[in-house]
Structure formats: C-alpha cells, structure tokens
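# Structural characterization, general
Each chain, letter by letter, is given below.
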Amino acid sequence: MATNDKLTEKSVQRILAADRDLVKRHDVMIPNCFTSYDNEADMFCIRKSGLCDEIEIKVSRADFRIDEKKIVQIAESVSLSGRTKWSRISKREALQAGKMSNYFWYCMPEGIVDPSEVPEWAGLLHIVNGRVKTIRSAKRLHGDKMSFEDRFKAARKLGYRYWNEVLA
C-alpha cells in the first residue's frame, strides 16, 4: 500500500494480518467475524491467554462518526425458565461495561480523527505507509477469558471464510 488515501477495510485487514507484533500476540485473527448476531468485528483476535481483541477499522471520518451511534443487543440475565433477557445499548456502553471483547481498538489511516476523539479506553492503531503504528494501547475492559469451545468456534469461522475465498 503506497498511500493511505487508497486504503479499504480489506486492505487494512491484510496489513493487520501481516503485522509481526499482532501475529505474535494472537493465536487467531479473523476478519469480519460476528461476535454476536448483531456485532461484526472487522478483525477479531484471540490471544494465547484466551483474552480477545476487537479491531474496528475506519477508513473515513464519517465512518468513525457513525460508529458512535452503533447499538448492540446484550444478554442481561437468564430466568429460571431458561429465557434470556436482552437489552439494547450503545456498543460503546457495552464495551465499557465489560460485556464484549477484553480489548477494543480503532485502526485507521493517520489523520482521520484526532486521537483525543477516540474513547480513552480504546486503543488506536494508525496505518502509515502500509504499516501498523500503535498510537495508544487499549485498556483491558474485563478479565473474562473465552472458553476453549468459544475459541474453537471462532477459529472454525476463519476456516469457513478461507474456503469460501478459495472456492469462489
């Protein structure tokens, strides 16, 4: 990638997947992975420890502004009858409350937004000349690890994605 103005979500995913530091830190990196039925992570990463990172890719300022308004459905509780009570809250509130990934990052070309506009708990990665540059590390939002079964399900999604690409 020669210039940032030609970056797309897919080209940024390729840059992230080729970054040595990210690859070392994660066992699995899955592009466009649904982490719940209404939340698709642009890049979902599972660390060796069982903690997970969501990387949200933004290629324009407008794209970043829209993200502030995203709503997700979160399981609040399960009744004695086994029914799940759901609530709809902003994605940012869900992240801050520890209801989603352990770490959340924004990744974008340099200059899209001022770093002060990114929530203080979110990490910030810039793509500069086709390389990943960490501007600010993400804060841990909670310490719950993914179960081995959930890690396997996520990794299986990567296999499906691979074969869909190969056979397309």
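Analysis parameters
- Residues numbered from 1 in each chain as written.
- Predicted model: local features only at pLDDT ≥ 70, side-chain atom pairs only at ≥ 80, totals over all residues.
- Heavy atoms only, no water.
- pLDDT = per-residue confidence, 0-100.
- Helix = DSSP H or I, 4+ residues; strand = E, 2+ residues; numbered from the N terminus.
- Buried < 20%, exposed > 50% of the residue type's maximum accessible area, 1.4 Å probe, protein only.
- Pairing = 2+ DSSP bridges.
- Phe/Tyr/Trp six-rings, centres within 6.5 Å; stacked < 30°, edge-to-face > 60°.
- Lys NZ or Arg CZ within 6 Å of the ring centre and 35° of its normal.

## Digging into the confidence of the model for the protein chain
Of all residues in the protein chain, 97% attain a pLDDT of 70 or more, and the chain-wide mean is 90. Confidence scores differ between elements of the protein chain, with strand β4 (residues 71-78) showing the lowest mean pLDDT of 82 and strand β7 (residues 123-128) the highest of 98.

## Things to note about the pairing of β7
Each regular strand shows side chains that alternate between the opposite faces of the sheet. By the criterion of burial, β7 is predominantly enclosed, with five of the six residues buried. Taken together, the five bridges between strand β6 (residues 103-109) and β7 define a ladder with parallel strand orientation. Residue pairing in the sheet places Met108 in a bridge with His126 of β7. When β7 meets strand β8 (residues 131-136), the two strands line up antiparallel, connected through five bridges. Paired with Val128 across the strands is Arg131, a residue of β8. In textbook terms, the turn of a hairpin is the stretch between consecutive antiparallel strands, and for β7 and β8 this stretch comprises two residues, one of which, Asn129, has a positive phi near 50 degrees.

## Examining the packing of aromatic side chains
If you walk through the whole model with that rule in mind, you get four aromatic pairs. Relative to Tyr106, the ring of Phe64 has its centre 5.1 Å away and its plane inclined at 65 degrees; by these criteria the two rings are edge-to-face. Pair noted here: Phe64 is in helix α3 (residues 61-67) and Tyr106 is in strand β6, with a separation of 42 residues, a long-range link. Of the two residues, Phe64 and Tyr106, both sit in the buried class. When the ring centre of Tyr103 is taken as reference, the NZ or CZ atom of Arg47 above it lies at 4.0 Å.

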